[in-house]
Structure formats: C-alpha cells, structure tokens
Amino acid sequence: MRRSLAVLALLTAGAPALAAGEYDRALRVDVAVLQGDARLLADPATPAIRRTGLQARIASILGTLDMTARARNNHNPSTQIPLPAVAALRADFRQGRPERFLRSATSLAAALPLDTTYFIPLVPTPQRARTGEDLYRTLCIGCHQYTDPHAANPAPNLFDMAHSTPATEFVARMLGGVHGVPRTTLKNPFSDEEIAGLMVYFAAGHP
C-alpha cells in the first residue's frame, strides 16, 4: 500500500509520527508515481482494462494527496507546498482529459522533484545483488514472477519495469511501498539500501 496511506493511518491512529523529511519524501513519491500513471493513462497503446486500473489507482492517490501535503507542510513550516496545485491536479483528472492531466502531473513533479541521489547512479555490488535476490525470492516472486495481462492493476514484472520505466519513476515506485505479504502490508518496510539491492538485482536482468 502506498506510503501516503501509511501516513493517514499514523495520523488517525495516534501512532508515532514520521520524521519531517519522511513526510516530504512521501509527498514527492506520490507525485512521481502520479506522473508515471498519468503517462500510461495518456498512452493510446495502454489497454482499456489497464486504463480502468490506472484510473482507480490515480483516484486513490489523489484522495489522500491533500492530507499528505498538509502533513508535509505542518512538519516543514519553513517551506510550504501550495495546496491549490494539488487541488488543480485533482480537478484536471476529474475532467477526464488524460493529456491535460499528464501536463499538470508533470508540472507538479517538476516543482516537487524526488531526491534520487542514493539510487541514481545505481552502484552495483555483489552484496547488493545478493540482498536483492534474497528479498525478491522471499517476498516478491509469488506475485511478480508472472503478470496477468487481463488484470486491471497487475503485479508487474519487475525486471521488465527496471528497464522500461524512467529511472526516477522506478525509484518512486520502489519507495512507494509494496503489499501482499504481512511484512509489507501497511508501508514500505525496506531501507534505502535494501531497495538499492533490489534495483541492482532487477537491473541485472532475468535470473
């Protein structure tokens, strides 16, 4: 589940708050993923069933983006993210014009760039490759080994995604959290180094 939902759960349940930098990263991750989804939605080659899934996922992210932005602003009072930009993005999506929504999402992503310096350039090491392989075979392979072409939101082949997705977007999707097993249900449990290991493993190609 996306990190913004984890933020929502933490705020409503009274659990310990994230660090201020984590709220900022959560917002930037969501915006980068939105831009990627908007790109796919605007692509004429995207199948109709996939468009349905993308629209549902985009609506879900937009449903909590205001809360994520407000939490980020509350914890970073010296630099404020303009909330009207978030509202405008939602309005463009509701108008059902994918090209306009893509332009708006791209503009917001440019204003809120995700810091990818830990991951780009990606430094492959044997230890990272081993870490990535262990995590993939333990937690990921069950859902991601085979992709259902008839699913609205299929679990993607991560090796293919590593080579076909823009680098910043791929980092954002890795940081945004995964789900499917108890360890990864609410928020992304992986450290940046573990994610780097997964990325090294995926970038190496199919095992």
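Nothing here was measured: the structure is a model prediction, and the numbers come from that model.

**Examining the overall build of the protein**
- A tally of helices and strands in the protein yields nine helices and zero strands.
- When its helices and strands are written in sequence order, the protein yields α-α-α-α-α-α-α-α-α.
- Of all 207 residues assigned to the protein, the portion counted as buried reaches 42%.
- Counting contacts in the protein only where the partners sit at least 6 residues apart, residues at least 24 apart contribute 68% of the total.
- For the protein, the computed accessible surface area is about 10400 Å², with 59% contributed by carbon and sulfur atoms.

**Things to note about the pattern of salt bridges**
- Enumeration according to the criterion identifies 11 salt bridges in this entry.
- The closest approach of N and O atoms between aspartate 66 and arginine 90, which form a salt bridge, is 3.2 Å. On the criterion of sequence distance, the pair formed by aspartate 66 in helix α3 (residues 48–75) and arginine 90 in helix α4 (residues 83–94) is long-range, its members being 24 residues apart.
- Of the charged contacts in the structure, one is a salt bridge between arginine 100 and aspartate 92, with a shortest N-O distance of 3.2 Å.
- The network of salt bridges with shared partners includes Asp37, Arg39, Arg57, Glu169 and Arg173.

**Digging into the confidence of the model for the protein**
- For the protein, the mean per-residue pLDDT works out to 85, and 85% of the residues sit at or above 70.
- Confidence scores differ between elements of the protein, with helix α1 (residues 3–13) showing the lowest mean pLDDT of 38 and helix α9 (residues 192–203) the highest of 96.
- This model gives residues 1–16 a pLDDT under 50, and the stretch forms 39 contacts once residues within four places in sequence are excluded.

**Details of the side chain of threonine 165**
- Looking at the secondary structure, you find threonine 165 in the loop between α7 (158–164) and α8 (167–175).
- Within the structure, the side chain of threonine 165 is placed 3.0 Å from the backbone oxygen of methionine 161, a separation counted as a polar contact.
- In this view, threonine 165 contacts Arg39 and Phe170; residues no more than four positions away in its chain are not counted.

**Some thoughts on the environment of tyrosine 23**
- Note on placement: tyrosine 23 falls in helix α2 (residues 20–42).
- Residue tyrosine 23 is classed as buried on the basis of its relative accessible area, which comes to 1%.
- In sequence terms tyrosine 23 and alanine 71 are 48 residues apart; their C-alpha atoms lie 6.5 Å from each other.

**Side note on the packing of aromatic side chains**
- Across all of its chains, the model carries eight aromatic pairs by this definition.
- Seen in terms of ring centroids, tyrosine 118 and phenylalanine 119 are 5.3 Å apart; in terms of plane orientation they differ by 65 degrees. Their pairing is edge-to-face.
- The class of tyrosine 118 is partly exposed, set by a relative accessible area of 39%.
- Note on tyrosine 136 and tyrosine 201: the rings are 5.8 Å apart at their centroids and 50 degrees apart in plane angle, and the pair reads as tilted. Within this pair, whereas tyrosine 136 is found in helix α6 (residues 126–144), its partner tyrosine 201 is found in helix α9, the two being separated by 65 residues in sequence.
- Here a set of aromatic residues connected by ring pairs shows up, and it is made of Tyr136, Phe159, Tyr201 and Phe202.

**Topic: α3**
- For α3, spanning 28 residues, the distance from its first C-alpha to its last is 40 Å, which sits close to the expected 40 Å at 1.5 Å a residue.
- Of all the bends in α3, the greatest, near 40 degrees, is centred on leucine 65.

**Structural notes on the packing of α4 against helix α5 (residues 98–111)**
- Relative orientation of the contacting elements α4 and α5 amounts to 160 degrees, with a least axis distance of 8 Å. In terms of orientation, α4 lies roughly antiparallel with respect to α5. Relative to α5, α4 is oriented so that their crossing is left-handed. Residues Ala85, Leu89, Asp92 and Phe93 of α4 form the contact with α5, whose own contacting residues are Arg100, Phe101, Ser104, Ala105 and Leu108.
- Class assignment for the residues of the contact of α4 with α5 results in six nonpolar, one polar and two charged.

**Some remarks on the nonpolar core**
- Among the nonpolar cores identified, the biggest contains 43 residues, and Leu34, Leu62, Leu89, Phe101, Tyr136 and Phe202 are the most heavily contacted of them.
- Only α2, α3, α4, α5, α6, α7, α8 and α9 provide two or more residues apiece to this core.
- In terms of residue count, α2 provides more of this core than any other element does, eight residues in total.
- With sequence-adjacent residues up to four places away left out, tyrosine 136 is seen in contact with Ile141, His144, Gln145, Leu158, Phe159, Leu198, Tyr201 and Phe202.

Rules used in this analysis
- Throughout this document, residue positions are counted from 1 along each chain, in the order its sequence is written.
- Totals for whole chains, interfaces and linings use every residue, but because this is a predicted model, local features are given only for residues with pLDDT of at least 70 and side-chain atom pairs only at 80 or more, for both listing and counting.
- The basis for the side-chain values is all heavy atoms of the structure; hydrogens and waters are excluded.
- Secondary structure elements follow DSSP: runs of H or I of four or more residues count as helices, runs of E of two or more count as strands, with numbering from the N terminus.
- Only protein chains enter the area calculation, which uses a 1.4 Å probe; residues under 20% of their type maximum are buried, those over 50% are exposed, and those in between are partly exposed.
- The contact rule is simple, with two residues in contact once any of their heavy atoms fall within 4.5 Å.
- Each accessible area is a Shrake-Rupley result for a 1.4 Å probe, and residues are judged covered by the shown protein chains and nothing else.
- Salt bridges are identified by distance alone: a Lys or Arg side-chain nitrogen within 4 Å of an Asp or Glu carboxyl oxygen.
- A score between 0 and 100, pLDDT records how confident the predictor is in each residue.
- N or O atoms within 3.5 Å of each other form a polar contact, as long as, within protein, one can give a hydrogen and the other can take it, and as long as residues adjacent in sequence are counted only when both atoms are side-chain atoms.
- Each aromatic pair joins two rings of Phe, Tyr and Trp (for Trp, the six-membered one) with centres within 6.5 Å, and gets the label stacked for planes under 30 degrees apart, edge-to-face for over 60, and tilted for any other angle.
- Expected span of a helix: the number of residues minus one, times 1.5 Å.
- Values of bend correspond, residue by residue, to the angle between axes fitted over the seven residues ending at that residue and the seven starting there.
- With axes taken as lines fitted to C-alpha atoms, and helix axes fitted only over the stretch in contact, angles between N-to-C directions fall between 0 and 180 degrees.
- Oblique is the label for any angle not under 35 degrees, not over 145, and not in the 65 to 115 range, which are roughly parallel, roughly antiparallel and roughly perpendicular in turn.
- Take the far helix as the reference: if the near one is turned anticlockwise from it by less than a right angle, the crossing is left-handed, and if turned clockwise, right-handed.
- Following the grouping adopted for this structure description, the nonpolar residues are Ala, Val, Leu, Ile, Met, Phe, Trp, Tyr, Cys and Pro, the charged ones are Asp, Glu, Lys and Arg, and the polar ones are all others, Gly among them.
- The set of buried Ala, Val, Leu, Ile, Met, Phe, Trp, Tyr and Cys residues whose side-chain atoms join them within 4.5 Å is what this entry labels a nonpolar core.

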